[in-house]
Amino acid sequence: MKVLGINSSPRKGGNTDFIIKVVFEILEEAGIETEIVQIGGKIEKGCNGCRICFKTKDNRCVIDDDGLNDLMPKLKTCDGILLGSPTFFSDVTPEMKAFMDRAGYVSNANGGYLIHKAATAITAVRRGGAQHTLDTMNHWLHYQQTYMVGSSYWNMVFCREIGEAIKDEEGMKTMRTLGENMVYLLERLIN
């Protein structure tokens, strides 16, 4: 089993990366392979609505210079997906939005290969706006027909400066519980 983490924070090694790793530590302890893909600062071009992916059906986006096409085979073969975005003005980063629009179109154009994967979303937030950020990612996961994994509270951690995430004890507990719940679901989906 493998879970792919999509990190849209432009701050590589920041709080979003840290909380993805908290969840992934639980998965790895259960023998599940994990990989974090850093899209923050890379996938910046949004979908242009050309729908060429529906004509070519080649698992590729016509925008071919930012790494999304290298990511698509990993999305196709993984068993689970974790979307991670910091909260920017009550929503996801531009990179996450570009990823969701383009990867969603490419997947849907090629038979919907995100369907029935275990999936979840997390956010690092300074204070407010996190629920809308989670809603944005969760709506996309719902639209992709994934099995969405929840936790004991909203999948958010309060922090601002790099390294502050660990100080949010309830947020850390929420991330660990999320990892446990993802293990539970994956074991049932795969076996």
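Check the entry above for the structure.
Keep in mind it's a predicted model, so treat the numbers as computed, not measured.

S.K.: Would you mind showing me how to read the overall build of the protein chain here?
M.R.: Along its length, the protein chain carries six helices and six strands. Compactness check: the protein chain gives a C-alpha radius of gyration of 16 Å against a globular reference of 16 Å for 191 residues, within 12% of the reference. The dimensions of the protein chain, computed from C-alpha atoms along their principal axes, are 50 × 40 × 25 Å. Here the protein chain, with 191 residues, has 50% of them falling under the buried criterion. Pairs at least 24 residues apart make up 76% of the contacts formed inside the protein chain by residues separated by at least 6 positions. Just so you have it, the protein chain exposes about 9200 Å², and 50% of that area is on carbon and sulfur atoms. Charge separation in the protein chain, taken as the distance between the mean sites of 22 positive and 24 negative side-chain charges, equals 4 Å.

S.K.: Just checking my understanding: could you explain helix α5 (residues 130-143) for this structure?
M.R.: For α5, built from 14 residues, the straight-helix expectation of 20 Å at 1.5 Å per residue is met to within 8% by its first-to-last C-alpha distance of 20 Å. Buried within α5 are the following residues: Ala-130, Thr-133, Leu-134, Thr-136, Met-137, Trp-140 and Leu-141. For α5, the angular spread of buried residues about the axis comes to 155°, placing them on one side. Exposed side chains of α5 directed beyond 90 degrees from the buried face belong to His-139, His-142 and Tyr-143. The positive-phi residue at the C-terminal boundary of α5 is Gln-145, with phi of around 65°.

S.K.: Which parts of the structure should I look at to understand unusual backbone geometry?
M.R.: The general pattern is negative phi for most residues beyond glycine and trans for most peptide bonds. Of note in the backbone geometry, Lys-57 takes a positive phi value of approximately 45° without being a glycine. Within the secondary structure, Lys-57 sits in the loop between α2 (52-56) and α3 (68-77). For Lys-57, a relative accessible area of 48% translates into the label partly exposed. Phi at Asn-59 is positive, roughly 60°, even though this residue is not glycine. Secondary-structure assignment places Asn-59 in the loop between α2 and α3.

S.K.: Sorry, what's going on with the pairing of strand β1 (residues 2-7) here?
M.R.: Consecutive side chains along a regular strand alternate between the two faces of the sheet. For β1, the buried fraction is high: five of the six residues fall into the buried class. The β-α-β motif built from β1, the intervening helix α1 (residues 15-29) and the parallel element strand β2 (residues 33-38) has right-handed crossover chirality. Two strands pair when backbone bridges link them, and β1 and strand β3 (residues 80-86) are joined in this way by five bridges, in the parallel orientation. Each residue of the ladder has a partner; that of Val-3, found in β3, is Gly-80.

The rules behind the values
Residues numbered from 1 in each chain as written. Predicted model: local features only at pLDDT ≥ 70, side-chain atom pairs only at ≥ 80, totals over all residues. Heavy atoms only, no water. Helix = DSSP H or I, 4+ residues; strand = E, 2+ residues; numbered from the N terminus. Rg over C-alpha atoms; globule rule 2.2 N^0.38 Å. Buried < 20%, exposed > 50% of the residue type's maximum accessible area, 1.4 Å probe, protein only. Contact = heavy atoms within 4.5 Å. Areas by Shrake-Rupley, 256 points an atom, 1.4 Å probe, with all protein chains shown as cover. Lys, Arg positive; Asp, Glu negative; His and termini not counted. Charge placed at Lys NZ, Arg CZ, Asp CG, Glu CD. Expected span 1.5 Å × (residues − 1). Arc of directions from axis to C-beta. Right-handed = clockwise from strand over helix to strand, strands pointing away. Pairing = 2+ DSSP bridges.

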